[in-house]
Amino acid sequence: MSNLSRAELENLAKLARINLTDEELTIFGSQLGLILDSVAKVQEVVNDSIVPMSHALPMTNVFRPDVVGQSLSNSEALAAAPSTQDHRFKVPRILDEE
Amino acid sequence: MTNLSFDDALTRFEPTLGLEVHVELNTATKVFCACPTSFGSEPNTNVCPVCLGLPGSLPTLNEKAVESIIRIGLALNCQIAPWSRMARKNYFYPDMPKDFQISQYDEPICFDGYLDVLVPDQDGSTTVRIGIERVHLEEDTGKLTHAGGSTGRIHGADYSLVDYNRAGIPLVEIVTKVIDGTKHAAPLVAKAYVSALRDLVRNLGVSDVRMEEGSLRCDANLSLKPIGSETLGTRTETKNVNSLRSVERAVRSEMVRQAAVLDSGQKVRQETRHFQESDGSTSPGRSKEQAEEYRYFPEPDLLPIAPDAAWVAKLKSELPEAPAAKRERLQAAWGISDFEMISVINSGGIDLVEKTIAAGCDQAAARKWWMGELSRIANELDQELESLSISPKQVAEVESLIQSGTLNDKLARVVIAAVINGEGSPAEIVANQNLAVVSDDTALLAAIDVAITQSPDVVAKIKEGKLQAAGAVIGAVMKATKGQADAAKVRQLLFERLGVSE
């Protein structure tokens, strides 16, 4: 099983802005480990004769006409935000003082 | 570090330029969702689960955006990729709620083109061919407002507020190849390129290309190398360059700054710099070394774009007349010199002049107004000509009021200022503010008679044949009629009244 350390996992969760409990970290840690193992297995068979593939369906040019549809209201848009101010999302400090 | 002059810097160094221009397309909806793209809406109201990056939402590609970028590519003489993909550019920064931007990486829709631009020089102008490396499609980011902290800038702000209305508006990024050998002309070349590109995109009708509203944005990459050197110097990328004039100033000041750094034996740091509109300097922003690991990979939620040859050929056949061809055609039609044409192009007013002429104005008068009084006002207001609140039709109307004798040149300037000030149409302003030239002889004669009785000694001199003394009386009449009289007419009537002849 892949070696995904507790610290790496906590950092990933922090970067993704997802609060995880200890219990969840354990569950997702083993699930992510399994995914990494599976990807590693796929990588074993990769060689130059295999063309990389990004999509499972042999389709192209799936477009949407340029017609305005329904947007959310401001309160709907902000409903799940941890913090808001002046109808905007409020986010923590990005860069420290120089 | 000593300050050195631009000319001094060029005795030892030569500049290498690269320009990245972002153009917001004027599609009705965003690039990956059906939210409207209207400018100036209430914050976070042009948003939906897709452009807010909510779980389970899926992007769908706007056909008009694809069509628009192909048209831009064709107009820039690019090849159109028969097959390309969107890619995820991953980064953690709150201007993108998904924590990635859907862009393009190594498979841009358009690549390998060029744009010929006219650069002014002492002999008139030189055509410089700017190579186009790539033109790709991506989504614009949200708008951050930084709050608290000492400077109001991002550094040390206590927190930031985000409006995602702009997130997902289709953005076309146009990247030049390395522009070498421009020497002292580098700032002018940069300005001429952005100006020509703006005209080209506007001509296609795919964007408003308003620099002051941010629908056209320019980043200028610049490095210096010792003259004759084969190795490129370290480059900086200057952002926040938001007008044509700023493009020229930013390149110029960055050339001087880098030359001073190199002269003092130091190294230029590879970094992003911000242009300061107030004094034309650049200041350091985020350092590049710490960023730049975007982990690009093909966007799994969008299928490849494979425009078929027939569609591309059709779009190509429908392209409007290219600005360069249009320039030649208009110059011939107006019968003006290279020098005069360059000044029209550089003012950014070629379309305005053309429309003014189309609205019935004489070509010389149309050029005179836009290159003269209106350019002066635009400078004073620090605006581009096209953003002045006066239309070509209104300028033509002012000129026709002059032709019909209703206005003289001086009054026309007053009317133009009033139109720009939002006081109404030229005809309304003339009527409401009683600005028409006084051509009714009765009114003029009355004013002349008053002036005559007020200056008996001057009148006596005129009668003795000292016609130059008439100036004082004419001046009094002009003052009494608030400049609305025609001075030559006053002179003629005055002499008739006094029974003297010139």
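What you are looking at is a predicted structure, and each value in this text was computed from that prediction instead of being measured. (Residues numbered from 1 in each chain as written. Chains lettered and ligands numbered in written order. Predicted model: local features only at pLDDT ≥ 70, side-chain atom pairs only at ≥ 80, totals over all residues. Heavy atoms only, no water.)

Overview of the overall build of chain B
Within chain B, the secondary structure is distributed over 16 helices and 15 strands. Taking the principal axes of its C-alpha atoms as reference, chain B extends roughly 95 × 55 × 50 Å. Counting every position in chain B, which comprises 502 residues, the buried fraction comes to 53%. In chain B, 70% of the contacts between residues at least 6 apart in sequence involve partners at least 24 apart. Element-wise, carbon and sulfur atoms account for 51% of the exposed surface of chain B, whose accessible area totals about 22200 Å². Positive and negative side-chain charges of chain B, numbering 53 and 69 respectively, have mean locations separated by a distance of 2 Å. (Helix = DSSP H or I, 4+ residues; strand = E, 2+ residues; numbered from the N terminus. Buried < 20%, exposed > 50% of the residue type's maximum accessible area, 1.4 Å probe, protein only. Contact = heavy atoms within 4.5 Å. Areas by Shrake-Rupley, 256 points an atom, 1.4 Å probe, with all protein chains shown as cover. Lys, Arg positive; Asp, Glu negative; His and termini not counted. Charge placed at Lys NZ, Arg CZ, Asp CG, Glu CD.)

Brief notes about the environment of Gly280 of chain B
Residues and elements named next belong to chain B. Here Gly280 is to be found in the loop between β13 (271-275) and β14 (282-287). Classification of Gly280 by relative accessible area gives buried; the value is 7%. Along the primary structure Gly280 and Arg245 are separated by 35 residues, whereas in three dimensions their C-alpha atoms are 9.7 Å apart. In this structure, Gly280 is in contact with Arg249, Ser253 and Phe275, ignoring residues within four places of it in sequence.

Focus on the environment of Val268 of chain B
Residue and element names in this part refer to chain B. One can find Val268 in the loop between α4 (244-263) and β13. Distance from Val268 to Thr236, taken between C-alpha atoms, is 8.0 Å for residues 32 residues apart in sequence. Filtering out sequence-adjacent residues up to four positions away, Val268 remains in contact with Thr234, Thr236, Arg257, Gln258, Val261 and Leu262.

Digging into the interface of chain A and chain B
Each partner contributes residues to the interface: chain A has 36 residues there, and chain B has 58 residues. Buried area between chain A and chain B, summed over both chains or domains, comes out near 3800 Å², and the portion from carbon and sulfur atoms is 59%. Considering only the surface of chain A that becomes buried against chain B, Phe63, Arg64 and Asp66 of chain A emerge as the three largest contributors, covering 19% of it. Applying the counting rule to chain A against chain B returns zero salt bridges. Taken together, chain A and chain B are joined by 23 residue pairs in polar contact (both at pLDDT 80 or more). Those elements that place two or more of their residues in the side of chain A that touches chain B are β1 (63-64), α3 (74-78) and β3 (88-92) of chain A. Counting residues per element, the side of chain A that touches chain B draws most heavily on β3 of chain A, which supplies five residues. For the side of chain A that touches chain B, the class distribution of residues is 16 nonpolar, eleven polar and nine charged. (Buried area = accessible area lost by both parts, 1.4 Å probe. Salt bridge = Lys/Arg side-chain N within 4 Å of Asp/Glu carboxyl O. Polar contact = N/O pair within 3.5 Å; in protein donor to acceptor, adjacent residues only side chain to side chain. Nonpolar A, V, L, I, M, F, W, Y, C, P; charged D, E, K, R; others polar.)

Points about the domain arrangement of chain B
Residues and elements named next belong to chain B. Domain boundaries in chain B define domain 1 (6-310), domain 2 (322-432) and domain 3 (441-498). Placing the centre of domain 1 and that of domain 2 at their C-alpha centroids yields a distance of 32 Å. Between domain 1 and domain 2, the contact holds 17 residues from the first and 14 residues from the second. Summed over both sides, the interface between domain 1 and domain 2 buries roughly 1300 Å², with carbon and sulfur atoms accounting for 45% of that surface. At the junction of domain 1 with domain 2, the criterion picks out five salt bridges. Close ionic contact of Glu386 with Arg198 constitutes a salt bridge, the shortest N to O distance being 3.3 Å. (Domains from an automatic or database assignment.)

Things to note about unusual backbone geometry
Residues and elements named next belong to chain B. With a phi close to 60°, Asp112 is a non-glycine residue in the positive phi region. Relative to the elements of secondary structure, Asp112 occurs in strand β6 (residues 110-121). The phi angle at Val209 is positive, at roughly 40°, despite the residue not being glycine. Looking at the element boundaries, Val209 is found in the loop between α3 (186-204) and β11 (216-226). Exposure remark for Val209: the relative accessible area of 0% places this residue in the buried category.

As for the environment of Asn26 of chain B
Residue and element names in this part refer to chain B. Tracing the backbone shows Asn26 in the loop between β1 (13-24) and β2 (61-62). For Asn26, a relative accessible area of 29% puts it in the partly exposed group. As for Asn26 and Phe39, which are separated by 13 residues in sequence, their C-alpha atoms are 10 Å apart. Other than its neighbours up to four places away in sequence, Asn26 contacts Gly205, Val206, Ser207 and Asp208.

Some words on the packing of aromatic side chains
All names here are of chain B. Inspection of the entire model under this criterion finds six aromatic pairs over all chains. On the numbers, 6.4 Å between centres and 75° between planes, the contact of Tyr91 with Tyr294 is edge-to-face. Taken together, the residues Tyr91 in the loop between β4 (87-90) and β5 (100-103) and Tyr294 in the loop between β14 and β15 (297-298) connect sequence positions 203 residues apart. A relative accessible area of 17% places Tyr91 in the buried class. An aromatic cluster is defined as three or more aromatic residues linked by ring pairs; in this entry it consists of Tyr91, Tyr93, Tyr105, Tyr294 and Tyr296. Geometry around Tyr294 places Lys89 over its ring, the cationic atom sitting 4.4 Å from the centre. For Arg252, the ring lying beneath its charged end belongs to Phe6, and the centroid distance is 4.2 Å. (Phe/Tyr/Trp six-rings, centres within 6.5 Å; stacked < 30°, edge-to-face > 60°. Lys NZ or Arg CZ within 6 Å of the ring centre and 35° of its normal.)

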